[in-house]
Structure formats: C-alpha cells, structure tokens
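# Architecture at a glance
Residues per chain are reported as follows:
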Amino acid sequence: MYILCYLCIQSIRYCFLYCSRRYINRLKENDAACLSALQNGHIFLFHRLIPLLQCSDPETFRPIALTYSEVQSVLHKCGSDGSLLKESILIGCSEQNHAQFCLDVGKSMLDSFSIAQNCKGTFMDLRKAFFLLEGAEAPLVAKAQALLQWHQINRFCGATGQLTQRNQAGSQRACSSSSIVYYPKMSPVVIVLVSDGKRCLLGRQSSFPRGLYSALAGFCDMGETLEEALRREVAEEVGLEVQNIIYSSSQHWPFPHSSFMLACHATVSPLNVDHLELEDARWFTEEEITCALQVKAPPWRDHRPAVWLPPKHAVAHRLIMEWREQQHSQDTE
Ligand SMILES: NC(=O)C1=CN([C@@H]2O[C@H](COP(=O)(O)OP(=O)(O)OC[C@H]3O[C@@H](n4cnc5c(N)ncnc54)[C@H](O)[C@@H]3O)[C@@H](O)[C@H]2O)C=CC1
Ligand SMILES: [Mg+2]
C-alpha cells in the first residue's frame, strides 16, 4: 500500500514536471501566450536587483508572489501607469501551474520604501537574504536576479552597438541589424573539496566576510575540461596535485555574475585501493607495459596472460601509449 502511494505521488510529480516544462517552453516561444500567462501569473518584485521579501518569522524570509492586478495597483499607488509590467521576465512555473515572473521596479524611479510598504515587505540584498530564504525559493530568487541583471548589461549588440530587443519571456535578446540572438549566460566554475582522507581543505579570499571559509573554486578557461580546470585551480591555489576527482553536483550561483558551479570531491592521499570498486591496482614498469601491449586484444579465454590492456579505440589505451612515449623521450634525453 505504502509503495503504491509512493509510486502514485512520484508519477503525479513526474507529470507535473513534464507539463510545466513544456508549458514554460511554449511561453518562451510564443509572445502572445506569454503575455496572457503574465496576466494570470505570479510576479516577484525587485528594486535595482534587490528582491522584495516578507518575513514569516524572525529567521525566515520568503519572496512575495503578487498577482498582475496587485502589482498594477501598487504601481498606480506609487505614481506609475503600470506599463512597466510588460517588462516582467519569465522565471518558472508554480506547482499550482501559475507562470512565475520577476520585475525590477527600480528603473521607473519609484520609491522602494513606498513599494515595500504597499506590499507589506522589505527589499533585502540577496547576499544577505540568501541564507534566510527557504530551500526551494532561494534558487528561484537567484535565477530571477541573474536574469534581470543579464538583461540590464546586455542591452546592446556586441557586433553592431545597436539596441537589442527581448522576447516577451525575456529568454533571449536579438539584434535586428546583425540577426545575432543572445541568450542568458553562466560562466562555468569548478569548485572542489580536497580531502586527505581525514581532513578537508577550505580557503578564504580577502573579500570574504571575516571568518568565512569555503571550498576551492575557480573559473574554467576557454577550452578546458572540468578535470583540467580543477587540477589547474588546485595547483594554482594551494600547490597540490589531486589524484581522484569525483563529481558531486552542480548549482547556479548568481554572485557577482551568473556562474555554473560544477562541484567535485578530490583526494591527495597516497594510493589506497577501494577493493569494492577495484580488485587490484599496482604500479607497472615500462617493460611490463610494452609486454602487455603485444598481447592481441581480446585474448582468447584459454590463453589469457596475466596482464593485457584496453583496445586501441579506448582512451585508456591512448593514455598508456602517451605515457610510454613520454618514458621513451625521457630515456633518450
Ligand atoms: N557557491 C559556492 O559555494 C561558492 C561559489 N564561489 C564562486 O565561484 C566563483 C569563482 O571563484 P574565484 O575563486 O573567485 O575564481 P578564480 O580563482 O578563478 O579567481 C577569480 C579571477 O579569475 C579571473 N576570471 C577568469 N574568468 C573569469 C570569469 N568568467 N568571470 C570573472 N572572473 C574571471 C578574474 O581575474 C578573477 O579575478 C566566484 O564567482 C565565487 O562567487 C566560490 C566559492 C564558493
Ligand atoms: Mg579561486
């Protein structure tokens, strides 16, 4: 019975996710549908990138979801005609199937204090608010702020210098002269928790608030893989060479501009074979490798030698060949 209920809930959840993703995609592609969704949707207000929040108890803040008519009425009360509402940007879809938007009212020169008062909320810097927001709402507010910021700093085409035009959802900006379409961007960043098996390594930058320590992080250079960036950053920042990289998860990070955080664990411990994962691991000399490379793969079951290596098309084979070449060039130097 319990399992049946669980499966039902999971399939309803899956259905919701599937439908809401399709719905959001449709709104991104159809300006008229997006405008009508805005009139029935929920809007989160910002003032110069600072989100409007409501304090539910002294420790917890929540973003305020306002309806179209509520925002219209607040704007009217504060002396604006409400045309600003069209500048709302699509950010998601609620579990009740309401499209969610964000709107920065700072541009209109409206007084943030009177808007906050009319909405019974307070504008609070996202860096401060981030740790006080509810789990599911923090990423939504972060995404909203990042999209608003992206629109603010991408008003012009890099090729022609002309003003770019956004679509109704705010999921892209296009230049009519160059036909270039710009999409919101995140910079890839690796973040790694280095461990020696017993301790983990944390660091802090001089710009961090006093006492704050975090995992090592750094921007990926153009053309780098995740692993390359991770090794380079760790070597650069603490002079260590990492041995194992284990991907953990990813996260959008809005500060100071949008980053796409790729989080990994890595170790700097000596060889320590996990016998659940591997039966054995050990060191091989160049002669043993040369010998193993001579085995025709795959060897017949009855004639299997003690050691043989992956076939030519496997990247592992390439790595072994490169290593052997390196040994040769060292020998001849
Ligand atoms: N979510 C989290 O838990 C944490 C997030 N972070 C974030 O990771 C990011 C990277 O960490 P850092 O140690 O500062 O990186 P970093 O170690 O690469 O140093 C930053 C420097 O990299 C250069 N750089 C190269 N590409 C850049 C780009 N696309 N944008 C900006 N600067 C670029 C700049 O000269 C900049 O001063 C930061 O935005 C930081 O906010 C950092 C620690 C924890
Ligand atoms: Mg760094």
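Residue positions are given per chain, counted from 1 along the sequence in the order it is written. Naming scheme: in the order in which they are written, chains are lettered from A and ligands are numbered from 1. Local features in this predicted model are restricted to residues whose pLDDT is 70 or higher, and side-chain atom pairs enter the listing and the counts only when it is 80 or higher, whereas totals over whole chains, interfaces and linings include all residues. The basis for every side-chain value is the complete set of non-hydrogen atoms in the structure, without hydrogens or water.

Attention now moves to unusual backbone geometry. The residue after F255, namely P256, is reached through a cis peptide bond having omega -15°. For helices the rule is a DSSP run of H or I covering at least 4 residues; for strands it is a run of E covering at least 2, with both sets numbered from the N terminus onward. Tracing the backbone through its elements, the reader meets P256 in the loop between β14 (244-253) and β15 (259-267). In this model, S179 sits at a positive phi of 65°, which is unusual for a non-glycine residue. With respect to the secondary-structure elements, S179 resides in the loop between β9 (173-174) and β10 (181-182).

As a further point, take the coordination of the magnesium ion (ligand 2). Distances from the magnesium ion (ligand 2) to its protein donors, A217 (O) and E237 (OE), fall at 2.1 to 2.2 Å. In this pair, A217 is assigned in strand β13 (residues 216-219) and E237 in helix α7 (residues 226-238), connecting sequence segments 20 residues apart. Exposure is judged per residue with a 1.4 Å probe applied to protein chains only, and the accessible area is read against the type maximum: over 50% gives exposed, under 20% gives buried, and values in between give partly exposed. We classify A217 as partly exposed; its relative accessible area is 26%. Atoms are scored as donors when they are N, O or S and lie within 2.8 Å of the metal, with 3.2 Å used for Na, K and Ca; no water is included, so coordination may look incomplete.

Let us now look at the sheet that holds β9. In sheet architecture, strand pairing relies on hydrogen bonds along the backbone and comes in two forms, parallel and antiparallel. Strand pairing requires that DSSP identify at least two bridges connecting the strands. With antiparallel pairing, the three strands of this open sheet are ordered in space as β8-β9-β10. The sheet terminates laterally at β8 (165-166) and β10, the two strands that pair on one side only. In this sheet, β9 lies alongside β8 in antiparallel orientation, the contact comprising two bridges. By the bridge assignment, Q165 is partnered in β9 with A174.

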